[in-house]
Amino acid sequence: MSQRNKATHPATGGTTPGDPASDADIRESSGSDAGAASDPLVDAAAVTRVFGIRHHGPGSARSLRHALEEFRPDAILIEGPADADPLVGFVAADTMAPPVALLAYVPDSPARAAFWPFAVFSPEWQAMRYGVDHAVPVRFCDLPATNVLAADDDARGGGSDPLAALASAAGYDDAERWWDAVVESVPDSAAFDAITEAMTALREDARHAATAITPPTADAPPQLGASAPTDTEVPATVTLSPLDAPELLEKPSAAHGFESPAAADRPDPAMAPLIVDQHTLVREAHMRQVMRQVLKGGAKRLAVVCGAWHAPALVEPLGPAAPDMRLLKGLPKTKAALTWVPWTHSRLAAGSGYGAGVTSPGWYHHLFTETERPVARWLTKVAGVLRSHDLPVSSAHIIEAVRLADTLAALRGRPLPGLSEVTEAVRSVMCGGDETMLRLVVDELVVGETLGGVPEDTPTVPLAADLRARCKTLRLKQEALARNIDLDLRKDRDVERSHLLHRLRLLGIGWGTPTTGDVRSTGTFRETWTLRWEPEFEVRIVEAAVWGTTLRTAAETKILDTASRDDVTVTALADALETALLADLGGATEGLITRLEAAAALDHDVTHLLGALPGLTRTLRYGDVRGTDTKALAHVADGLLVRICAGLPGAVTGLDTDAAQALRAQIDAAHTAISTRDDEHATTEWLATLQRIADRDDVHGAIGGRAVRLLCDAERIDDADSARRLAAALSIGNTPAAKAAWIDGFLGGRGLLLVHDRELLRRIDEWLRDLNEDQFVATLPLLRRTFGSFESGERRAISQALRDTGSAPTTSNGPTAIDPIRGQLALRAATAILGAAG
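Calculation criteria
- Residues numbered from 1 in each chain as written.
- Predicted model: local features only at pLDDT ≥ 70, side-chain atom pairs only at ≥ 80, totals over all residues.
- Heavy atoms only, no water.
- Helix = DSSP H or I, 4+ residues; strand = E, 2+ residues; numbered from the N terminus.
- Expected span 1.5 Å × (residues − 1).
- Buried < 20%, exposed > 50% of the residue type's maximum accessible area, 1.4 Å probe, protein only.
- Pairing = 2+ DSSP bridges.
- Axes fitted to C-alpha atoms, helices over the stretch in contact; angles between N-to-C directions.
- Contact = heavy atoms within 4.5 Å.
- 1 Å grid on protein atoms, 1.4 Å probe; cavity = no way out; pocket = protein on both sides within 12 Å on 5 of 7 lines; lining within 4 Å.
- Points joined across faces, edges and corners; volume = space filled by probe spheres on them.
- Salt bridge = Lys/Arg side-chain N within 4 Å of Asp/Glu carboxyl O.
- Phe/Tyr/Trp six-rings, centres within 6.5 Å; stacked < 30°, edge-to-face > 60°.
- pLDDT = per-residue confidence, 0-100.
- Disulfide = S-S within 2.5 Å.
- Core = buried A, V, L, I, M, F, W, Y, C linked by side-chain atoms within 4.5 Å.
- Polar contact = N/O pair within 3.5 Å; in protein donor to acceptor, adjacent residues only side chain to side chain.
- Parallel < 35°, antiparallel > 145°, perpendicular 65-115°, else oblique.
- Left-handed = near helix turned anticlockwise from the far one by under 90°.

Draft legend 1. Seen up close, helix 2 (residues 58-71). Here helix 2 spans 20 Å end to end across 14 residues, near enough to the 20 Å set by a 1.5 Å rise per residue. The element helix 2 is largely enclosed, with a buried count of 11 among its 14 residues. Listed as buried for helix 2 are Pro-58, Gly-59, Ser-60, Ala-61, Arg-62, Ser-63, Leu-64, Arg-65, Ala-67, Leu-68 and Phe-71. Backbone geometry just downstream of helix 2 places Arg-72 in the positive-phi region, at approximately 50 degrees.

Draft legend 2. A look at the sheet that holds strand 2 (residues 75-81). With parallel pairing, four strands are arranged side by side in an open sheet as 1-7-2-5. Looking along the sheet, the strands with just one partner apiece sit at the ends: strand 1 (47-53) and strand 5 (138-142). Strand-to-strand, the axes of this sheet are offset by a mean angle of 30 degrees, without reference to chain direction. Sheet topology places strand 1 next to strand 7 (residues 301-307); seven bridges connect them, and they run parallel. When the sheet's bridge partners are listed, Thr-48 is paired in strand 7 with Leu-302. Where helix 8 (residues 278-296) meets the sheet, its contacts fall on strand 1, strand 2, strand 5 and strand 7, and the angle it forms with strand 5 comes to roughly 145 degrees.

Draft legend 3. Up close: empty space enclosed by the protein. Inspection of every chain in the model, using the stated rule, returns seven cavities of 30 Å³ or more. Contributions of two or more residues to the lining of the second largest cavity are made by strand 3 (100-106), strand 8 (337-342) and helix 18 (537-544).

Draft legend 4. Geometry of unusual backbone geometry. In this structure, Pro-99 follows Pro-98 across a cis peptide bond, with omega equal to 5 degrees. Tracing the sequence through the fold places Pro-99 in the loop between strand 2 and strand 3. Backbone torsion omega between Glu-316 and Pro-317 reads -5 degrees, so that peptide bond is classified as cis. At Ala-135, a residue that is not glycine, the phi angle is positive and equals roughly 55 degrees. The residue Asp-584 is not glycine, and still its phi comes out positive at about 60 degrees.

Draft legend 5. Representation of the sheet that holds strand 9 (residues 483-488) in the model. Strand order in the open sheet made by the three strands is 9-11-10, with antiparallel pairing throughout. Only two strands of the sheet have a single neighbouring strand rather than two, namely strand 9 and strand 10 (512-515). The sheet shows a mean angle of 35 degrees between the axes of neighbouring strands, taken without regard to direction. Sheet analysis places strand 9 next to strand 11 (residues 526-531), joined by six bridges and oriented antiparallel. Along strand 11, the bridge assignment pairs Asp-486 with Thr-528.

Draft legend 6. Representation of the pattern of salt bridges within the structure. All told, the structure shown has 26 salt bridges when counted by the stated rule. For Asp-85, the salt bridge identified is with Arg-139, shortest N-O distance 3.3 Å. With Asp-85 in the loop between strand 2 and strand 3 and Arg-139 in strand 5, the pair connects residues that are 54 residues apart, well separated along the chain. A relative accessible area of 0% places Asp-85 in the buried class. Here Arg-377 ties to Glu-370 by a salt bridge, and the two come within 3.6 Å at their closest N and O atoms. Note on Arg-377: relative accessible area 43%, which makes it partly exposed. One continuous salt-bridge network, built from bridges that share partners, spans Arg-65, Glu-69, Arg-129 and Asp-133.

Draft legend 7. Broad picture of the packing of aromatic side chains. Within this structure, the stated rule accounts for nine aromatic pairs. An angle of 85 degrees between the planes, with centres 6.2 Å apart, marks the rings of Trp-125 and Trp-340 as edge-to-face. Separated by 215 residues along the polypeptide, Trp-125 in helix 3 (residues 123-133) and Trp-340 in strand 8 bring together distant segments of the chain. Here Trp-125 falls in the buried class, since its relative accessible area comes to 3%. Here the aromatic rings of Trp-533 and Phe-537 are separated by 5.2 Å at their centres, their planes lie at 80 degrees, and the arrangement is edge-to-face. By the burial criterion, Trp-533 is buried, and Phe-537 matches it. Members of the aromatic cluster, joined through ring pairs, are Phe-51, Phe-71 and Phe-192.

Draft legend 8. Here's a closer look at the confidence of the model for the protein chain. In this model, the protein chain carries an average pLDDT of 76, and 76% of its residues clear a pLDDT of 70 or more. Low pLDDT (under 50) marks residues 208-234, which in the prediction has 96 contacts with non-local residues, meaning those over four places away or in another chain. Overall, residues 807-813 carries pLDDT values under 50, and its contacts beyond four positions in sequence, including any with other chains, amount to eight contacts.

Draft legend 9. Broad picture of the pairing of strand 2. Most of strand 2 is tucked away, with seven of its seven residues classed as buried. Bridge count for strand 2 against strand 7 is four bridges, and the pairing is parallel. Opposite Ala-75, over in strand 7, you have Leu-302 as the bridge partner. Note: strand 2 against strand 5, four bridges, orientation parallel.

Draft legend 10. How the structure looks around the environment of Ala-409. Mapping Ala-409 onto the fold places it in helix 13 (residues 395-411). Spatially, the C-alpha atom of Ala-409 lies 9.1 Å from that of Val-422, the residues being 13 residues apart in sequence. When neighbours within four sequence positions are excluded, Ala-409 is seen to be in contact with Arg-414, Leu-416, Pro-417 and Glu-421.

Draft legend 11. Seen up close, the environment of Pro-514. Turning to its location among the elements, Pro-514 is positioned in strand 10. Separated by 13 residues in sequence, Pro-514 and Glu-527 place their C-alpha atoms 7.4 Å apart. Excluding anything up to four places from it in sequence, Pro-514 contacts Arg-505, Thr-528 and Trp-529.

Draft legend 12. Representation of the state of the cysteines within the structure. Counted under the stated rule, the structure contains zero disulfides. This cysteine, Cys-141, is not joined by any disulfide, and Cys-306 carries the nearest cysteine sulfur, 7.2 Å off.

Draft legend 13. Region of interest: the nonpolar core. Grouped together as the largest cluster of nonpolar side chains are 69 residues, with contacts concentrated most on Leu-379, Val-426, Met-430 and Trp-511. No other element matches helix 12 (residues 374-388), which puts eight residues into this core. Once residues lying within four places of it in the same chain are set aside, the contact partners of Met-430 are Leu-379, Val-382, Ala-383, Leu-386, Val-393, His-397, Ile-398, Ala-401, Ala-425 and Met-437. Counting residues in hydrophobic clusters, the runner-up holds 67 residues, among them Leu-585, Ile-644, Ala-670 and Trp-686.

Draft legend 14. Spotlight on the side chain of Glu-534. Checked against the element boundaries, Glu-534 lands in the loop between strand 11 and helix 18. Only 3.4 Å separates the side chain of Glu-534 from the side chain of Arg-532, close enough to count as a polar contact.

Draft legend 15. Focus on the packing of helix 25 (residues 680-694) against helix 26 (residues 701-713). Contact pair helix 25 / helix 26: the axes reach a minimum separation of 9 Å and the direction vectors enclose 135 degrees. One finds that helix 25 runs oblique with respect to helix 26. The two elements helix 25 and helix 26 cross, and the hand of that crossing is left-handed. Each of Leu-687, Leu-690, Gln-691, Ile-693 and Ala-694 in helix 25 lies in contact with helix 26, whose residues at this interface are Ile-703, Ala-707, Val-708, Leu-710 and Leu-711.

In structure tokens form, the structure reads like this:
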């Protein structure tokens, strides 16, 4: 997407994109006698109506729509970034489906971004819809994104919620419930004057800040010292993490309405002082300047839609423009690009950290879209949700819940049941008081996860356009709710889907997460992914656009850049090579192989080479499944194996227990990888290396025992040889700890071996029975870990085998054979000892 969108639309009034209220326009609109009591350039016959609304309120949206029909404006101003005017025309597109958000970001630093969300029940959205439906010019009047993204968030002050003060005065302890009862449930176009009057009274009593300036009036210039909070929508400015981190890094500020961890210790918001901070006054000054510009342009009936708290500062007369000019002079600026992006209801919820969020976006959407019998229709949806979770809910439950909600509303003096009455009816009638069942309703309906959509021709970066095109071709739909898909890699479309998801993960866009599927498969031709689209991915796409214009080229560039770093390890390069193959990044494969060969040649740490070998083997397997040429990969794997076989026998000596356990795990992984590859030469070299390790006496028991076990499994040594090695390991010359370590290496994870090999079981049982108390206590932790790793069925089978056969040695009915040569050696040794003693 270009830095500034050059398109214009009839609904925007044909203003210049990027800076509709430019300094030149503001100077012109202020006139040479800007210090006069009012602006003489504004036609006195012009009528301005200010509609103070609450963002994302269905009652406010419906009331505003009625008020606009009655007022019939010829120009509309909406609280929002002034440089987003060219994007208003997209509201008329058939494929524009709220919830959506205006996204502004700094092209050179996309991590610095801000969102302005809108839902179908947002009054601002309805104002835009009215404008495009009636060919009325619509503009935004708040600070441009160029100023918002350059501002220091920490400089914005906080304050209490003015709605909380009004709710407290009305006897409500919940501002949300008060607004729902007074405004949302009783749409009335005449309510706006009452709201403005109430806010005016609150602002007169607001605390004054030393750095603030009061809004100008017709009778007096601005004064130092006023201040106010923002109950209105402040853009959700965020600084996203680097591409490989999923969380937001920037600490939310109080001006955004985020609640800090210490929020529970704060006083009652209704009792806290109201504050108008400097940032609020600057925003209101810009709104008034845009109003002057529109009125000077010939508007006769101007409608201004803004947050209720700003309404008193925008009502006529506007006063002189010079004080506003001084307030706006010198504001920091930066380059900004803007576009529309899909949004979700859950991101409109206050619980997501959105400052102007509401507690129940799903409920508000229902109220706005279902005008006939909304309570009965809502409870029917609730029944559907509970039934989808296999919970018994009948039509009788719905009827009784409707009756209870109506009764509660009548007892509380409400014209219609609100969310609190409906929720209590659901809890009592449908959920039987079960809060867990009610939680399902809250998550899936009261909040909801509806994902909006934007037109395909919406301005965006080429990388996002490529993603849209690929999703359309592969029939992958971006959805807010998580769902699993099983990919059969023997099918061309599923292979392409796998490539797409792997490329996105490489770019830090975690739309898909590999998971374990329900379909059982022992091959490598199947993948299972969990897909869930998050609105923040739009910013990460913009961030990833620095790597290329398509997903393939961007992923190839990024992975090669990562591989070229000086501190990259052989294991990391092997993993990158595996990822490149999974993502079908042919342009990066050759470079990664070359880099891996160079790194492996300089790396003398055998553990690094062992860690890289399993990844290369998996790469070879996936390459076979996907039809990829893997000859170069096989050459690299063979080179690694040669170096491993040469260096491993020397690397297994002098290790402590922790190091031996870690190396044993790597040997296991390498053995599995080599066995899976099924290459005769590689298998022969590897088993020969294990043979050399097993024959050494200076190897830690965990490694020596495992080498014997692997050789026995591969049939390189027979049962008699393994029994002899076990007897040597359990001989009197070794310490109990060394014996236990050898048994752990030999048996670790293989309990069935003791079930089927009774001689082995007898030998281990005899060794344990011969341990004295101190030796047994010393070896118990390691033995417990060894036998604790067995399956419960394996442990029961071992116990049964001991009960059936006992631990007595096997006897032979024939005469015992005597070896005279060994007897002579024993006699000579005994004679020498006795002679030395004498």
